[in-house]
Amino acid sequence: MKKINPIKVGILGIGRAGYEMHIPELKRYAKYFEVAGCCDIDAKRRKLAKEATGCAVYGQYEDMLKNPDIELISIVSRSPDHLKHTRQALKAGKIVFLEKPVAMNYGEAKKLKALHDRYPGKLFLRHNRRLEPTFQHVREIMASGLLGKIHLVKLHRHFFQRRKDWQTILDCGGGLLNNWGPHLVDHAIRMVDAPIKEIWSDLQLVSSLGDAEDHIKLLLKGANGRVVDLELSYGSAILMPEYVIYGDRGALTADAKEIKLKYVEPGYKFKVGKADRGTPPFGAVSYNPEPIPWVEKTIPVNPSSGLAMNDIYKCLYQAVRENVPFPITIEEGMEIVRVSEHIRKKTAFEYPTADQIYQFPPEKKSGK
Ligand SMILES: NC(=O)c1ccc[n+]([C@@H]2O[C@H](COP(=O)([O-])OP(=O)(O)OC[C@H]3O[C@@H](n4cnc5c(N)ncnc54)[C@H](O)[C@@H]3O)[C@@H](O)[C@H]2O)c1
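These numbers come from a predicted model, not from an experiment. What you see as residue numbers is a count from 1 along each chain, following the sequence as written. In view of the model being predicted, local features appear only for residues whose pLDDT reaches at least 70, and side-chain atom pairs are presented and counted only at 80 or more, with totals across whole chains, interfaces and linings using the full set of residues. Water and hydrogen atoms play no part in the side-chain values, which are based on all heavy atoms of the structure.

Colleague: Please set out the packing of helix H6 (residues 133-144) against helix H8 (residues 181-192) residue by residue, giving values where relevant.
Modeller: Two numbers describe how H6 lies on H8: the axes approach to 11 Å, and their chain directions differ by 10 degrees. The angle between H6 and H8 falls in the class roughly parallel. Taking contact as the criterion, the partners of Phe135, Val138, Arg139 and Met142 in H6 are, on H8, His187, Arg190 and Met191. In terms of residue class, the contact of H6 with H8 is made up of 4 nonpolar, 1 polar and 2 charged. Comment: axis = line fitted to C-alpha atoms, over the contacting stretch for helices; angle = value between 0 and 180 degrees taken between N-to-C directions. Helix and strand definitions follow DSSP, with helices as H or I runs of at least four residues and strands as E runs of at least two, each counted in order from the N terminus. To sort the angles, those under 35 degrees are grouped as roughly parallel, those over 145 as roughly antiparallel, those from 65 to 115 as roughly perpendicular, and the leftovers as oblique. Should any heavy atoms of two residues lie within 4.5 Å, those residues are counted as being in contact. Side-chain classes are defined by residue name, with Ala, Val, Leu, Ile, Met, Phe, Trp, Tyr, Cys and Pro counting as nonpolar, Asp, Glu, Lys and Arg as charged, and the others, Gly among them, as polar.

Right, dumping it as structure tokens:
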């Protein structure tokens, strides 16, 4: 049995993600991690963090970075601050677990890559939805060949939300592309499974109360001919299945719990293999010249890895302490940002430049 050497973690940002995801996930893996520090500019949140973890709390990030016991910083601050906070932590000698979006644009992603190369083995990207069980299981089925050659993948993540927080405001770094986008653009890229040859996209603002997009349509075409069609939307009151996959021997639909399959048995050979130039008989007989022996099944979602989204910290421990490759590489993180930037540039939304982006908390103007 490998000896466990727990990692002491400092969490930056005790917000929805810091408090409701990171703290419970770290508690779930308490044998691998100790929460040694929490930092938030908001005193009430520091109190909550102290009650939840018993750790030291800080109002200033720089003070938490000075704690020599803390080995790893989980960066869960607002999106526009991610690069700056990552640089500070790496410079202070810490390992970094960085929330998505890992960069606001491709220029930032390149800076992140430079940091990654300068501090080898120290930067890990939290694209935790890579571990969504349905995503993993569907990918296994696609790779097994059960559905034949896959030509079309439809990904839907539909909600109807009238959100009004900073994640809906452009100059706060909001917009669905920065919010859920990194997860689903990642899924779309992985589903193409080949270099991307064509990208078409559309962004709209439907139901959120800010000025940023809340509806994304993305079409990717790979060098393998496969099309991935993604709809990620806060403006869709009727929900479609999260996954619909079409191949030349079957199809599936899937949601969080179940996968519905319709396929012909592996090894089954279609009898009629050629088209006929003659005049066809009346009726639809020639549309399906032989009955297709479909198998239809519903199976529970159960990927072979046994991992779920809240196991990402386990992967992080294994990467830091046991040299197991982390599931998301820096190159994959950069590709997500590259595709997102491509989508952004093709739209009417006016994305602020880095120096226009709202820094949190807003600086007080003198004389007011
Ligand atoms: N991976 C996921 O599934 C997931 C889910 C939700 C959010 N996120 C990401 O996490 C980040 C935070 O999102 P959120 O919803 O928790 O936001 P939030 O606004 O709820 O929380 C941010 C917290 O950070 C604190 N903060 C901001 N700047 C700070 C600073 N300089 N020093 C100390 N504290 C600071 C704020 O006071 C607040 O408590 C975002 O980048 C978001 O994209 C990821």
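Colleague: I'd like a description of the nonpolar core, backed by residues and values.
Modeller: To qualify as a nonpolar core, a set must consist of buried Ala, Val, Leu, Ile, Met, Phe, Trp, Tyr and Cys residues joined through side-chain atoms within 4.5 Å. Partly exposed describes any residue whose relative accessible area lies between the buried limit of under 20% and the exposed limit of over 50%, with all areas from a 1.4 Å probe on protein chains only and scaled to the type maximum. If you look at the biggest cluster of nonpolar residues, it comprises 53 residues, and the most contacted ones within it are Ile11, Phe33, Tyr61, Ile73 and Phe326. Top element by residues in this core is helix H9 (residues 312-322). It accounts for 6 residues. Residues in contact with Ile73, not counting those within four places in the same chain, are Gly10, Leu12, Tyr61, Met64, Leu65, Ala89, Lys94, Ile95, Val96 and Phe97. Counting residues in hydrophobic clusters, the runner-up holds 42 residues, among them Leu176, Leu184, Leu230 and Tyr234.

Colleague: Break down the domain arrangement of the protein chain for me, with residues and values.
Modeller: Per the domain assignment, the segments of the protein chain are domain 1 (7-130 + 309-330) and domain 2 (132-307). Note that domain bounds follow an automatic or database assignment of domains. Look at where the C-alpha atoms of domain 1 and domain 2 centre, and you get two points 32 Å apart. Contacts between the two partners involve 15 residues from domain 1 and, on the opposite side, 21 residues from domain 2. Here the buried area means the combined drop in accessible surface, using a 1.4 Å probe, for two parts upon being joined, counting both sides. Of the roughly 1,600 Å² buried between domain 1 and domain 2, counting both surfaces, carbon and sulfur atoms make up 51%. Within this document, salt bridges are pairs made up of a side-chain nitrogen of Lys or Arg and a carboxyl oxygen of Asp or Glu, the two lying within 4 Å of each other. Linking domain 1 with domain 2 are 3 salt bridges, by the criterion used here. As used in this structure description, the phrase polar contact means that two N or O atoms lie within 3.5 Å; if the pair is within protein, one of them must be able to donate a hydrogen and the other to accept it, and residues adjacent in sequence are counted only when both atoms belong to side chains. Scanning the region where domain 1 abuts domain 2 turns up 5 residue pairs in polar contact (both at pLDDT 80 or more). For the side of domain 1 that touches domain 2, a count of residues per class yields 5 nonpolar, 3 polar and 7 charged.

Colleague: Tell me about the sheet that holds strand S3 (residues 56-58), residues and numbers included.
Modeller: Taken in spatial order, the 6 strands make up an open sheet running S3-S2-S1-S4-S5-S6, and their pairing is parallel. Only two strands of the sheet have a single partner each, and these edge strands are S3 and strand S6 (123-126). This sheet shows a mean twist of 25 degrees between the axes of neighbouring strands, independent of strand direction. We call two strands paired when DSSP finds no fewer than two bridges between them. Across 6 bridges, the pairing between strand S1 (residues 7-12) and strand S2 (residues 33-39) is parallel. Bridged to Lys8 within S2 is Glu34.

Colleague: A description of the site of the ligand should follow, citing residues and the corresponding values.
Modeller: Close to the ligand lie 25 residues, the nearest being Ala17, Asp40, Glu99, Lys100 and Trp166. Side-chain polar atom of Arg16 to an oxygen atom of the ligand: 2.9 Å apart, as the coordinates give it. Within the backbone of Ala17, an N or O atom sits 2.7 Å from an oxygen atom of the ligand. Here, Shrake-Rupley sampling with a 1.4 Å probe gives the accessible areas, and only protein chains in the shown set may cover a residue. Protein contact buries 90% of the 850 Å² of open area that the ligand shows by itself. Sorting the residues of the shell around the ligand by element identifies helix H1 (16-28) and helix H4 (82-91) as the ones contributing at least two each. What makes a residue near a molecule or strand is one non-hydrogen atom of that residue sitting within 4 Å of it.

Colleague: Summarise the pattern of salt bridges; cite the residues concerned and give the values.
Modeller: Taken as a whole and judged by the stated rule, the model has 25 salt bridges. Note that Asp42 is salt-bridged to Arg45, the shortest N-O span being 3.9 Å. Residue Asp42 is classed as partly exposed on the basis of its relative accessible area, which comes to 31%. The class for Arg45 is partly exposed, based on a relative accessible area of 34%. Ionic pairing is found between Asp229 and Lys154, a salt bridge with its closest N-O pair at 4.0 Å. Taken together, the residues Asp229 in strand S10 (residues 227-233) and Lys154 in strand S7 (residues 150-158) connect sequence positions 75 residues apart. In this structure Asp229 comes out as buried when scored by relative accessible area, which is 11%. Several salt bridges converge on common partners, so that one network encompasses Arg129, Glu132, Arg157 and Glu242.

Colleague: Lay out the environment of Glu213 with the relevant residues and their values.
Modeller: Assignment of secondary structure puts Glu213 in the loop between strand S8 (196-204) and strand S9 (215-222). Once the C-alpha coordinates of Glu213 and Pro293 are considered, the two residues, 80 residues apart in sequence, prove to be 45 Å apart. A polar contact of 2.8 Å, which involves the side chain of Glu213, links it to the backbone nitrogen of Leu177. A distance of 2.5 Å separates polar atoms of two side chains, one belonging to Glu213 and the other to Tyr351.

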